Number of protein chains: 2
Amino acid sequence: MTKPPHAGSEGASAPLRSIPEASVARLAVYLRKLGEFAEEGADTVSSDELAAATGVNPAKLRKDLSYIGSYGIRGVGYEVAALVHQLERTLGLNHRQSVALVGIGNLGHALAGYGGFGGRGFPVTALFDVDPDLVGIHINGILVEHVRAIPQVCVDRGVTIGMIATPGQAAQGVCDLLVDAGVRCILNFAPTVLQVPGEVEVRKVDLAVELQVLAFHVARKHVAAAEQTVAVNGHPVNGAGGLLS
Amino acid sequence: MTKPPHAGSEGASAPLRSIPEASVARLAVYLRKLGEFAEEGADTVSSDELAAATGVNPAKLRKDLSYIGSYGIRGVGYEVAALVHQLERTLGLNHRQSVALVGIGNLGHALAGYGGFGGRGFPVTALFDVDPDLVGIHINGILVEHVRAIPQVCVDRGVTIGMIATPGQAAQGVCDLLVDAGVRCILNFAPTVLQVPGEVEVRKVDLAVELQVLAFHVARKHVAAAEQTVAVNGHPVNGAGGLLS
DNA sequence: AGTCGCTTGTGAAGGCGCGCACAAAGTTGC
DNA sequence: GCAACTTTGTGCGCGCCTTCACAAGCGACT
Ligand SMILES: NC(=O)c1ccc[n+]([C@@H]2O[C@H](COP(=O)([O-])OP(=O)(O)OC[C@H]3O[C@@H](n4cnc5c(N)ncnc54)[C@H](O)[C@@H]3O)[C@@H](O)[C@H]2O)c1
Ligand SMILES: NC(=O)c1ccc[n+]([C@@H]2O[C@H](COP(=O)([O-])OP(=O)(O)OC[C@H]3O[C@@H](n4cnc5c(N)ncnc54)[C@H](O)[C@@H]3O)[C@@H](O)[C@H]2O)c1
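So, here's what we can say about the structure. (Residues numbered from 1 in each chain as written. Chains lettered and ligands numbered in written order. Predicted model: local features only at pLDDT ≥ 70, side-chain atom pairs only at ≥ 80, totals over all residues. Heavy atoms only, no water.)

### Re the sheet that holds strand β3 (residues 77-79) of chain A
Residue and element names in this part refer to chain A. As a reminder of what qualifies: For two strands to count as paired, DSSP must find a minimum of two bridges between them. Working definition: helices are DSSP H or I runs of at least four residues, strands are E runs of at least two. Numbering for both runs from the N terminus.
One open sheet accounts for three strands, arranged β1-β3-β2; its pairing is antiparallel. Each having just a single partner strand, β1 (44-45) and β2 (72-73) make up the two edges of the open sheet. By the bridge criterion, two bridges tie β2 to β3 in an arrangement that is antiparallel. Looking at the pairing, glycine 72 lines up with tyrosine 78 of β3.

See below:
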């Protein structure tokens, strides 16, 4: 299992051993920002520049990048094109990731119609629903098929990622279908905890929770403000702004 | 400032001093699940039950709940109704949180048309866009207004939370307008790091990043699978399934 | 060629969150 | 009323993540 750390030779295969989950999420952010820098014609970026642009601590950024190897040039910075290439390789974007979306309702329509996924290496290749009014229509040129076609279609099109945008009660059933069809990674928008075998990775996007976390902070600020109507705080805690995520 | 920990008396005001960010997010999940338990007629829930239903470690759950006070009954569990009440108070749901949504495109339509927000105490009371084809229409009975009306409308309707679903380039401008209008909490769907004053809280929902994190795991599994085509692993790492979030 | 300035990569420390394990406390049965 | 059982609340150790600070490395300028 644990091979000796045979660190970053430039080999074609992925030599990465283990990258902290939190870093992986940030690497994706760096990658997108690097794309913008490249469009603006930048050849190199320093960690400070990229850190400022992504709202991250520069040291953290360098450590994140160090997980994928030493591709920076001391005294200069990072060569944009090379770093993009390495990030794409690390994040698995050199292989096309075919995405299936189940539940073409309110949210599903928006996701299906969004061009940003395909443009970034995640072509949505299959859409599923149970509603007879939806099955048969096309969105962005993709046919909506019945849920019962999931096993067949997912295998045929090599789907690697499933997105679930059904109501909560239907999510587990849909999830089981996807897992049986060989999908090992699932992005879940339904407010449900999915039961999956250990080898399946689930990420959950829960907008209601996001709002409630914000509401909590509104309440806190409110209380704080009410308590210190007098004391004017000269306390710009965080100059840079974005803290987490 | 730091008063002695004058823990949870049953007073009407919020006596909470500081709750870890991660716990707050989970509290919201517990609250939703408790709602379902209540509908099923449950009077009390044990930490083990609720933990299983939300995919959380029971000890962690109890610790989370302990931040808001001691409302459990040893040997019995938690009284559902009382706990719901305390959670709502802690999360700031006893005050109505008026939400404004800017950018009524693909995603904005889905968000505006979603009943789940209003139903959970987050009525969307204002919609904004710049597209003349959108300004003037109604969605779910809410009028879409021009972005330039943000200052006026947000103040009039007491908006406390803003959601930004515009393209990335427009996000910062919209954000500035919201902040000037007194909005202190923002949920950002655009792939942009927003610059805000220290007292404003920003949360970012970045679907492209979610997909890329999944893609990374696909790649990892792929590599792992390719490396051990021989060794059949009898290693059900995580019986319970859901790991994080 | 040498020196100076700039930027990377990383060791180490600190903080935070997670989860075990157990004492405290309440309930049920007799 | 007492004992056995159930479940909460939490002290504590552990590991991950963040952040500081600095040595090592590279280029530019003279
Ligand atoms: N729309 C939003 O902005 C929003 C926000 C937060 C959360 N969500 C969550 O996202 C999910 C979808 O929301 P929505 O607004 O699109 O709901 P919706 O009711 O508009 O759409 C749900 C779709 O799922 C389909 N469906 C139902 N059962 C199915 C099944 N067994 N298999 C396949 N498809 C099935 C329905 O036909 C419908 O088209 C919900 O779980 C909701 O809680 C949505
Ligand atoms: N649709 C999705 O599924 C999805 C997924 C991931 C991320 N996103 C992000 O969400 C955002 C919105 O996506 P979308 O698909 O709805 O895009 P969209 O182009 O369909 O909608 C954007 C809307 O914003 C409006 N707009 C433009 N400039 C504005 C301004 N200055 N002020 C107010 N409104 C303005 C446009 O008129 C349009 O209605 C984008 O940043 C996108 O990257 C969307």
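### Examining the protein's contact with DNA strand C
Quick note on the threshold: Residues are counted as near a molecule or strand when any one of their heavy atoms sits within 4 Å of it. Residues adjacent in sequence count toward polar contacts only when both atoms are side-chain atoms; beyond that, a polar contact is any pair of N or O atoms within 3.5 Å, and within protein one must be able to donate a hydrogen and the other to accept it. Three categories are distinguished: nonpolar for Ala, Val, Leu, Ile, Met, Phe, Trp, Tyr, Cys and Pro, charged for Asp, Glu, Lys and Arg, and polar for the others, with Gly belonging to the last.
Among the 24 residues in the neighbourhood of DNA strand C, the closest are listed as Ser47, Arg62 and Tyr78 of chain A together with Lys63 and Arg74 of chain B. A breakdown of the atoms of DNA strand C within 4 Å of the protein gives sugar and phosphate a share of 66%. A distance of 2.6 Å separates a base nitrogen of DNA strand C from a polar atom in the side chain of arginine 74 of chain B. Where the surface near DNA strand C is concerned, the elements lending two or more residues are α3 (58-66), β2 and β3 of chain A together with α3 (58-66) of chain B. In terms of residue count, α3 of chain B provides more of the surface near DNA strand C than any other element does, four residues in total. Looking at the surface near DNA strand C, its residues break down into eight nonpolar, eight polar and eight charged.

### Some remarks on the protein's contact with DNA strand D
Taken together, 26 residues lie near DNA strand D, and Arg26 and Arg74 of chain A together with Ser47, Arg62 and Tyr78 of chain B sit nearest. Counting only atoms of DNA strand D within 4 Å of the protein, the fraction found in sugar and phosphate groups is 63%. Between a base oxygen of DNA strand D and a side-chain N or O atom of lysine 63 of chain B, the distance comes to 3.2 Å. At 3.1 Å, a side-chain N or O of arginine 74 of chain B approaches a sugar or linking oxygen of DNA strand D. Those elements giving two or more residues to the surface near DNA strand D turn out to be α1 (21-39) and α3 of chain A together with α3, β2 (72-73) and β3 (77-79) of chain B. Counting residues per element, the surface near DNA strand D draws most heavily on α3 of chain A, which supplies four residues. Taken together, the residues of the surface near DNA strand D sort by class into eight nonpolar, nine polar and nine charged.

### Concerning the site of ligand 2
Short version of the rule: Working definition of accessibility: Shrake-Rupley area with a 1.4 Å probe, residue cover restricted to the visible protein chains.
For ligand 2, the set of nearby residues contains 25 residues, the closest of which are Tyr114 of chain A together with Asn106, Leu107, Asp129 and Thr166 of chain B. Taken together, the residues near ligand 2 originate from chains A and B. One of the backbone N or O atoms of asparagine 106 of chain B is found 2.8 Å from an oxygen atom in ligand 2. Within the contact set of ligand 2, an oxygen atom lies 2.5 Å away from a side-chain nitrogen or oxygen of aspartate 129 of chain B. Here ligand 2, which alone exposes 810 Å², has 80% of that area covered by the protein. Of all the secondary structure elements, the ones that give two or more residues to the shell around ligand 2 are α5 (106-113) of chain A together with α5 (106-113) and α8 (168-180) of chain B. No other element matches α8 of chain B, which puts three residues into the shell around ligand 2. Split into classes, the residues belonging to the shell around ligand 2 amount to 18 nonpolar, five polar and two charged.

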